[in-house]
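Here is how the chains run, residue by residue.
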Amino acid sequence: MRPFRYERADEVSAAVTTLVRDPEAAYLAGGTNLVDLMRLEVVTPELLIDIRRLTSDRIEELPDGGLRIGAAVPNSDLAADPRVRRRYPVLSQALLSGASGQLRNLATTGGNLLQRTRCPYFQDITTACNKRTPGAGCSAMEGYQRDMAILGASPTCVATHPSDMAVALAALDAVVTVAGPASERRIRLTELHRLPEADPERDTVLARGELITGVELPPPHSALRSRYRKVRDRASYAFALISVAAALEVTDGAVRDARIALGGVAHKPWRATTAEATLRGAPATRESFLDAAAAELSAARPLPGNAFKVPLARNTMVATLLELLEEAR
Amino acid sequence: MSHVTARPHAIGLPMDRVDGAQKVTGTATYAYEWPLDQPVYLYPLQSTIASGRVTGVDSALAEAEPGVLAVLSHLNAPTLTRPDDPELAVLQSAEVAWRGQFIGAVVAESLETARRAAGLVRVDYESRPPDVVLRADRDDLCSPVHAAAFGTGGGELQDGSPADSLLGDVDTALAASPTMVDTTYSTPMYHNNPMEPHTAVVTWLNGELLVRCSTQGVSMSQALISGVLGLEPGRVRVVSPHVGGAFGSKVYPHAYAVLAAMAARIVRRPVKFTLTRQQMFALVGYRPASIQRIRLGAGRDGRLTALAHDVIEQTAKAKGYAEQVAVCSRMMYAAPHRRTTHRLAPLDIPVPTIMRAPGEAQGMYALESAMDEMAIACGLDPVEFRLRNEPEVHPESGLPFSSRHLTDCLREGARRAGWEHRDPAPRAHRAGRWLVGTGMAVSTYPSPRFPGNTATIRVGPDGRYTVRIAAADLGTGTWTALTQIAADALSVPVGQVEMRIGDTALPAASVAGFSAGINSWGTAIWEAADRLRARLRAEHGGIAPPEGLEVSAEMAGGNPEAERYAMHSFGAQFAEVRVDEDTGELRVTRLLGMFDVGRVINPKTARSQLIGGMTQGMSMALYEHSVLDPRFGHVVNHDFAQYHIASHADVHAIEAHWLDEPDPHTNPMGAKGLGEVGIVGTAAAIGNAVHHATGVRVRELPITLDKLVS
């Protein structure tokens, strides 16, 4: 670990200014990922701006019936909030399937969204990584591929985004509020994270210094049932091989609305818009669910070491939708 | 003053750990926590190539860092006196034999400074393409040649067994068998991963070396460390009272201890060095990967006619290490024609070492999986098939077993597991989305006694006994069990016995390995107690004299009975698994083990040992897997987030039971080893249950969901 300075910010504008001015500065929230990466010298900030007191740690009702989650709300508080558990079960389930109790106590909502990939080559400074050092090459492409992407990857990067929470938020049409050098802006969660394209060093669309201040959830549709299904290599404390956040509304045996997002498949939480479009208006049957999954996964380009993720993603999507259908009956 | 009283029978009682309060209150001092005056810290440099040589070391930037005291490399390291052991011969040449090997170290006033400065050292290499892939069709497979470190067999394998064995004519017998199974199984590289990382805290004082470390045997560490440094053994003291897990990786001292000693001599300050989790994947050993071909022939009566077990395993080019993978097949079942072989693939990989049940863990996975396949091929129940092939005596040596109650384990285990209701048809039982199956396998592990143990017991005028032996407690409860043994041997309550272990200032002891600890140390303690009681009676009328009395028993040899009996622990394990039909997710919903481990000294710590072994066996079956990158030669998943070990949520119902039949020949207590038998057979029982649940036979560990999803 390199030596670094530590400052606690009192004002959002001052923190933003510092980050814009000092290229070696970084925001520190829960630190559950950043501090690990500093120990590994994957990131080497010279100045940490502690932002834990800058943003809200409260969950508030919005006038439209939605919720506003402060960026500093710990993952454990968000998962346990009765309103979240009742109205957005998929979000609570996703949070509780991630990390450990201790980590969830420390990790924040904003930090969870901005955590880095757990690609083993990204986390090891002795192996080449385009995300760490642009142009250095991708060691994962021909390396250990089990946790790598099957959708939306590029020749420069096949890493996946590790968050469970973000997958649920993608399915819920959440909006992220961001403070920055200019005025505050709102970004749809599905547009916050990027695909790697030619510049995988950029995880998100955030500009230098921009700070997530909160996440807004639109009002829940009363008939929408939702759940999070995470498939991984052991029962606890492992990242998703495949995860599915799904919400389903069925009227008279037909799908009226479906929201589906996938985790473990791409550089970002993957909103399965093709599957959703296929489902809308279709009969709520196993065959429709299979068709929808197949339509979404027709774009999959797996590597030899993760080809199993395609049937796994299909089966998990179908099983999750069938469970929601069962629940609706 | 105290009179010798009637035997209080501490053996067999579930006594709480004597060190339990210290541990739960955080006052048990582990090696790295030892308070020192003005220590300095070491951070190592590791090679980033797997094969080649270091051509240049530029340490100027690191040396210029404030707080840096020394930068070591092969260019300036002291020459070791007897660098016979290539693993311990640290910094003695420019050669690099595996990725992650020590190529230097930075010593600084703080750990942070040392680590940062290590990143400033520039190393140039001449690199060769690494050769790290184990394949059965390699043309450079070789027979093991290195002499064994343990055992008295004089063979080439790590336990002293010969590399190959042959009885009868296997090929002819196989060809003539009505039923034959010919299958190949593979097991990956596994890392021991004890919770407490390997540590050396080293102080030189007047030419003498004090090493505080975490080891399974202070006496062996003393011998090997003093040897490589060219010191009289008496000038090296090794202290290790508490060990936070080891699983074999702390039997042998590894290079880190020598590196720390070297550094402490150069900077003339006490040096603290503990490995990071990532470093442990390159520097403290692992269970080598194996490819095992098993051929079984059976007659129409369901009895084996032939058994062949041919093993190919990884080893390091740097140091040959040959694990006894097929040795279990030499003693497990009766068959007139039998053969075992071991061949090695020497690779540019770290040096392997002992890991819990070395050999048996992998070998019994293969043998017991093949036995399941053969039982099915013969149309026999797997329990019945094993009962039919139970040998009367050791099938190769012809020696009788000191005790072998495997058939009782099979019958009683089957009864407790509800085995009689089992429908043998695969893929026939469901519970919702889960396919449900059951499987079983047999466990075994030798029960040896090591030479080189001395126990000293002193009784004070207050009637309190101090028992001294340089034994080790790896967190298993040995400290407590030895206290119970001493109390019974002395015929006094345990409260009158104080046990001292884990220090070479105490009488020498063999390592905690090969499930030999209780057998070896307990026998020495028992003998010393007998002698003390005899002298108290003969010379002092049974009353401790005012000046106290001290008696030692030196057990130079092993168990003389071992020439007349084959000594092994046994067990039968039963597993129930559920496999999600959609995702291949697998849950072990029940594990039941029924063991024959002789007399159990402490049921509480014994149960922990057995269910701990079974849990590690489950972890071996389903989760653990060190992934070697063939291009770079390093373990890719080198941390606890990526190297998956069974979590609490993975363990459902788990039970360990035992027969409690004392063994008449192993030792005065009637105990057999139980530290390792629990991990043996678990993986096969689970794999067999997966086949029963799904109809899919996975022959490559670990059984991950990608092998079951469709």
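Note that the coordinates shown come from a computational prediction; the quantities given were computed from them, not determined experimentally. (Residues numbered from 1 in each chain as written. Chains lettered and ligands numbered in written order. Predicted model: local features only at pLDDT ≥ 70, side-chain atom pairs only at ≥ 80, totals over all residues. Heavy atoms only, no water.)

Before going further, it helps to spend a moment on the overall build of chain B. Across its full length, chain B carries 14 helices and 24 strands. In terms of overall size, chain B behaves like a compact globule, its C-alpha atoms giving a radius of gyration of 26 Å where 710 residues would be expected to give roughly 27 Å. With respect to the principal axes defined by its C-alpha atoms, chain B has extents near 75 × 75 × 50 Å. Per-residue burial for chain B yields a buried fraction of 64% across its 710 residues. (Helix = DSSP H or I, 4+ residues; strand = E, 2+ residues; numbered from the N terminus. Rg over C-alpha atoms; globule rule 2.2 N^0.38 Å. Buried < 20%, exposed > 50% of the residue type's maximum accessible area, 1.4 Å probe, protein only.)

Below, the discussion takes up the overall build of chain A. A count of helical and extended segments in chain A gives 12 helices and 12 strands. Against the 2.2 N^0.38 benchmark of 20 Å for 329 residues, chain A shows a C-alpha radius of gyration of 20 Å, consistent with a compact globule. Expressed along its principal axes, the backbone C-alpha trace of chain A runs to roughly 60 × 50 × 35 Å. For chain A, the proportion of its 329 residues judged to be buried stands at 57%. Pairs at least 24 residues apart make up 62% of the contacts formed inside chain A by residues separated by at least 6 positions. Of the roughly 13,200 Å² of accessible surface on chain A, 50% is carried by carbon and sulfur atoms. Seen as two clouds, the 41 positive and the 39 negative side-chain charges of chain A have centres 3 Å apart. (Contact = heavy atoms within 4.5 Å. Areas by Shrake-Rupley, 256 points an atom, 1.4 Å probe, with all protein chains shown as cover. Lys, Arg positive; Asp, Glu negative; His and termini not counted. Charge placed at Lys NZ, Arg CZ, Asp CG, Glu CD.)

A separate point is the domain arrangement of chain A. How big an interface is tends to be stated in terms of accessible area lost as the parts join. Partitioning chain A into structural domains gives domain 1 (5-50) and domain 2 (225-328). Centre-to-centre separation of domain 1 of chain A and domain 2 of chain A, based on C-alpha positions: 37 Å. (Domains from an automatic or database assignment.)

Residue and element names in this part refer to chain B. Backbone torsion omega between L701 and P702 reads -5 degrees, so that peptide bond is classified as cis. Along the chain, P702 turns up in the segment after helix 14 (682-694). We note that N206 has phi near 55 degrees; this positive angle belongs to a residue other than glycine. For N206, the location among the structural elements is in the loop between strand 9 (199-205) and strand 10 (208-213). What makes N206 exposed here is its relative accessible area of 76%.

Residue and element names in this part refer to chain B. When cut into domains, chain B gives domain 1 (20-27 + 450-558), domain 2 (34-129 + 194-246 + 250-283) and domain 3 (165-190 + 287-447 + 564-707). On a C-alpha basis, the centroid separation for the pair domain 2 and domain 3 is 37 Å. The three residues of domain 2 that bury the most area against domain 3 are W98, R99 and F281, which together make up 37% of that side's buried surface. Linking domain 2 to domain 3 there are 2 salt bridges. K319 is the partner of E87 in a salt bridge, and the nearest nitrogen-oxygen pair spans 3.8 Å. Linking domain 2 with domain 3 are 1 residue pair in polar contact (both at pLDDT 80 or more), by the criterion used here. (Buried area = accessible area lost by both parts, 1.4 Å probe. Salt bridge = Lys/Arg side-chain N within 4 Å of Asp/Glu carboxyl O. Polar contact = N/O pair within 3.5 Å; in protein donor to acceptor, adjacent residues only side chain to side chain.)

This part covers the UniProt feature "domain: Aldehyde oxidase/xanthine dehydrogenase a/b hammerhead" (unreviewed entry) in chain B. As annotated by UniProt and renumbered to match this structure, "domain: Aldehyde oxidase/xanthine dehydrogenase a/b hammerhead" (unreviewed entry) occupies residues 25-129 of chain B. Helix makes up 12% of residues 25-129 of chain B and strand makes up 33%, while its end C-alpha atoms are separated by 51 Å. (UniProt positions renumbered as here; feature names shortened; annotations may be inferred.)

All names here are of chain B. Strand order in the open sheet made by the 3 strands is 4-2-6, with antiparallel pairing throughout. A single partner strand is all that each edge strand has here, and the edge strands are strand 4 (95-96) and strand 6 (122-127). With 2 bridges joining them, strand 2 (residues 52-58) and strand 4 adopt antiparallel strand pairing. Within the sheet, the bridge partner assigned to R53 lies in strand 4 and is E95. (Pairing = 2+ DSSP bridges.)

In this model helix 14 of chain B runs 18 Å from its N-terminal to its C-terminal C-alpha over 13 residues, within 8% of the 18 Å that 1.5 Å per residue would give. A positive backbone phi angle near 80 degrees is found at B:G695, which sits one or two residues after helix 14 of chain B. (Expected span 1.5 Å × (residues − 1).)

On to the state of the cysteines. Residue and element names in this part refer to chain A. Applying the stated criterion to the full structure yields 0 disulfides over all chains. C129 forms no disulfide, and the closest cysteine sulfur to it belongs to C119, at a distance of 6.0 Å. Take C129: its relative accessible area is 8%, and that puts it in the buried class. (Disulfide = S-S within 2.5 Å.)

Residue and element names in this part refer to chain B. Where helix 8 (residues 360-378) contacts helix 14, the axes come no closer than 8 Å and their chain directions differ by 35 degrees. In the packing of helix 8 onto helix 14, the handedness of the crossing is right-handed. Of the residues in helix 14, those in contact with M364, Y365, E368, S369, D372 and I376 of helix 8 are A683, A684, N688 and H691. Split into classes, the residues belonging to the contact of helix 8 with helix 14 amount to 5 nonpolar, 3 polar and 2 charged. (Axes fitted to C-alpha atoms, helices over the stretch in contact; angles between N-to-C directions. Left-handed = near helix turned anticlockwise from the far one by under 90°. Nonpolar A, V, L, I, M, F, W, Y, C, P; charged D, E, K, R; others polar.)

Residue and element names in this part refer to chain B. Across all of its chains, the model carries 6 aromatic pairs over all chains by this definition. Both rings, one in F281 and one in Y643, keep their centres 5.4 Å apart while their planes meet at 65 degrees; by these two values the pair is edge-to-face. Of this pair, F281 sits in helix 7 (residues 277-283) while Y643 sits in the loop between helix 13 (603-622) and strand 24 (653-658), and the two are 362 residues apart along the sequence. Across the pair, exposure class does not vary: F281 and Y643 are buried alike. (Phe/Tyr/Trp six-rings, centres within 6.5 Å; stacked < 30°, edge-to-face > 60°.)

Before going further, it helps to spend a moment on the interface of chain B and chain A. Across the contact, 33 residues belong to chain B and 37 residues belong to chain A. Each partner contributes to the roughly 2,700 Å² buried at the junction of chain B and chain A, and carbon and sulfur atoms together form 55% of this total. At the junction of chain B and chain A, the tally comes to 3 salt bridges. Among the ionic pairs, A:R146 bridges to B:D706, the shortest N-O distance being 2.9 Å. Scanning the region where chain B abuts chain A turns up 13 residue pairs in polar contact (both at pLDDT 80 or more). In the side of chain B that touches chain A, the residues fall into 10 nonpolar, 10 polar and 13 charged.

Bringing the pairing of strand 17 (residues 434-446) of chain B into the picture now. Along any regular strand, the residues point their side chains to alternate faces of the sheet. Residues and elements named next belong to chain B. Counting buried positions over the 13 residues of strand 17 gives 11, a clear majority of the element. Relative to strand 17, strand 16 (residues 430-431) runs antiparallel, the two sharing 2 bridges. Bridge pairing links A431 to W434 in strand 17. Count of turn residues in the strand 16/strand 17 antiparallel hairpin: 2 residues, of which G432 carries a positive phi of about 65 degrees. Alignment of strand 17 against strand 22 (residues 568-580), held across 13 bridges, turns out to be antiparallel. Across the sheet, residue Y445 finds its bridge partner in strand 22, namely S569.

Quick look at the nonpolar core now. Residue and element names in this part refer to chain B. Judged by nonpolar contacts, the single largest core of 103 residues is most densely connected at L296, M332, V577, L586, L622 and I686. Sorting elements by how many residues they give to this core places helix 8 first, with 9 residues. Among the nonpolar cores identified, the runner-up in size contains 92 residues, and I225, M262, V271 and A489 belong to it. (Core = buried A, V, L, I, M, F, W, Y, C linked by side-chain atoms within 4.5 Å.)

The next subject is the pairing of strand 10 of chain B. Residue and element names in this part refer to chain B. Looking at chain direction, strand 9 and strand 10 are connected through 6 bridges and run antiparallel. If you follow A200 over to strand 10, its bridge partner there is C213. Linking two consecutive strands that pair antiparallel, namely strand 9 and strand 10, is a turn of 2 residues; a positive phi of about 55 degrees is found at N206 within it. Note: strand 10 against strand 11 (residues 236-239), 4 bridges, orientation parallel.

Further remarks concern the sheet that holds strand 12 (residues 270-271) of chain A. Residue and element names in this part refer to chain A. Here we have 4 strands laid out as an open sheet, ordered 9-10-11-12, and antiparallel in their pairing. Since the sheet does not close on itself, it has two edges, and those belong to strand 9 (225-231) and strand 12, each with one partner. Relative to strand 10 (residues 242-251), strand 9 runs antiparallel, the two being bridged by 7 bridges. Paired with V231 across the bridge in strand 10 is I242. Each of strand 9 and strand 10 touches helix 5 (residues 89-96); the most contacted strand, strand 9, lies at about 20 degrees to it. Packing of helix 12 (residues 309-328) onto the sheet brings it into contact with strand 9, strand 10 and strand 11 (254-263), and relative to strand 10 it is tilted by some 35 degrees.

Once that is clear, we can look at the side chain of B:Q279. Residue and element names in this part refer to chain B. Inspection of the secondary structure assignment puts Q279 in helix 7. Given a relative accessible area of 2%, Q279 falls into the buried group. Setting aside residues no more than four positions away along its own chain, Q279 makes contact with Y43, P44, Q46 and T274.

All names here are of chain B. The predicted model of chain B has a mean per-residue pLDDT of 96, with 98% of residues at 70 or higher. For the stretch residues 1-6, pLDDT sits under 50, and the model shows 19 contacts to residues farther than four places along the chain or on other chains. With a pTM of 0.97, the predicted complex shows an ipTM of 0.97. (pLDDT = per-residue confidence, 0-100.)

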